[in-house]
Amino acid sequence: DAGITQSPRHKVTETGTPVTLRCHQTENHRYMYWYRQDPGHGLRLIHYSYGVKDTDKGEVSDGYSVSRSKTEDFLLTLESATSSQTSVYFCAISESSVWDEQFFGPGTRLTVL
Amino acid sequence: AQKVTQAQTEISVVEKEDVTLDCVYETRDTTYYLFWYKQPPSGELVFLIRRNSFDEQNEISGRYSWNFQKSTSSFNFTITASQVVDSAVYFCALSGPNTGNQFYFGTGTSLTVIP
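Residues numbered from 1 in each chain as written. Chains lettered and ligands numbered in written order. Predicted model: local features only at pLDDT ≥ 70, side-chain atom pairs only at ≥ 80, totals over all residues. Heavy atoms only, no water.

Visitor: An account of the interface of chain B and chain A is requested, with residue identities and associated values reported.
Guide: With 20 residues of chain B in contact, the opposing surface of chain A contributes 20 residues. Summing the contributions of chain B and of chain A, the shared interface buries around 1800 Å²; its carbon and sulfur component is 61%. Linking chain B to chain A there are one salt bridge. Taking the shortest distance from any N to any O, the salt bridge between B:R50 and A:E101 comes out at 3.9 Å. At the junction of chain B with chain A, the criterion picks out two residue pairs in polar contact (both at pLDDT 80 or more). It is strand β5 (residues 33–39) of chain B that contributes the most residues to the side of chain B that touches chain A, four residues altogether. Of the residues contributing to the side of chain B that touches chain A, the split by class is nine nonpolar, 10 polar and one charged. (Contact = heavy atoms within 4.5 Å. Buried area = accessible area lost by both parts, 1.4 Å probe. Salt bridge = Lys/Arg side-chain N within 4 Å of Asp/Glu carboxyl O. Polar contact = N/O pair within 3.5 Å; in protein donor to acceptor, adjacent residues only side chain to side chain. Helix = DSSP H or I, 4+ residues; strand = E, 2+ residues; numbered from the N terminus. Nonpolar A, V, L, I, M, F, W, Y, C, P; charged D, E, K, R; others polar.)

Visitor: Account for the sheet that holds strand β8 (residues 73–78) of chain A, with residues named and values stated.
Guide: All names here are of chain A. Across the sheet, which stays open at both edges, the four strands sit in the order β1-β3-β8-β7 with antiparallel pairing between neighbours. Unpaired on one side and paired on the other, β1 (4–7) and β7 (64–70) mark the two borders of the sheet. Adjacent strand axes in the sheet meet at a mean angle of 20°, parallel and antiparallel pairs treated alike. Two elements, strand β3 (residues 19–25) and β8, share six bridges in a ladder whose sense is antiparallel. Bridged to C23 within β8 is F74. (Pairing = 2+ DSSP bridges. Axes fitted to C-alpha atoms, helices over the stretch in contact; angles between N-to-C directions.)

Visitor: For the state of the cysteines, give the residues involved together with the corresponding values.
Guide: By definition, a disulfide is the covalent link that joins the sulfur atoms of two cysteine residues. Tallied over the entire structure, the rule returns two disulfides over all chains. Sulfur-sulfur distance for the disulfide between A:C23 and A:C91 comes to 1.9 Å. Its torsion about the S-S bond being -70°, the disulfide of A:C23 and A:C91 is classed as left-handed. With A:C23 in strand β3 and A:C91 in strand β9 (residues 87–94), this pair connects stretches of sequence that are 68 residues apart. Accessibility classification places A:C23 together with A:C91 in one group, the buried group. Covalently, B:C23 is tied to B:C92 through a disulfide, its sulfur atoms 1.9 Å apart. (Disulfide = S-S within 2.5 Å. Buried < 20%, exposed > 50% of the residue type's maximum accessible area, 1.4 Å probe, protein only.)

Pasting the structure below:
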């Protein structure tokens, strides 16, 4: 299994509070991704990174920011959480291009009250 | 536009039956990649297969097989002699030069195998 961990695994927070989710990989893969999974929508890309300090927006980036200061870590921040951001968040990695298969972390279940 | 359609939302089969999960895609690219992932009840996403658009050979891996047909823009997944452990949500995904470095996932098919 690819070495991908996410923290925290579960979080309950209140509307308006900032939240940061962490993805850590031990595979030295170049690409990292953040997805959210919601019923009826499958997985939708929030942001991705193609190298240290190189990031770009995905399909549903509004309300989210990311940072990647080291190859192994990719952070997802909700500046001011809203109830619509209640979801399961998955981190993924791929070796050298977006066309490679992606390997996923275990997910973080976030509830915004 | 890039799009992946999995029209079957839920499927139930009795153990040992064969089942086919449909995936239809739309893309303007001539080079693209198709993927299948499995999400068992435990929640993790497991990579199953990657296929590029130039390789239309069907692939078989144990009880799993994949049928890629460019003429109908389909990449269907068949499980032969289904088992209870096959119960999961299965996602088809598309990636290519015009997807902006993104995977486009279908909405998934939930498969329940009844013992």
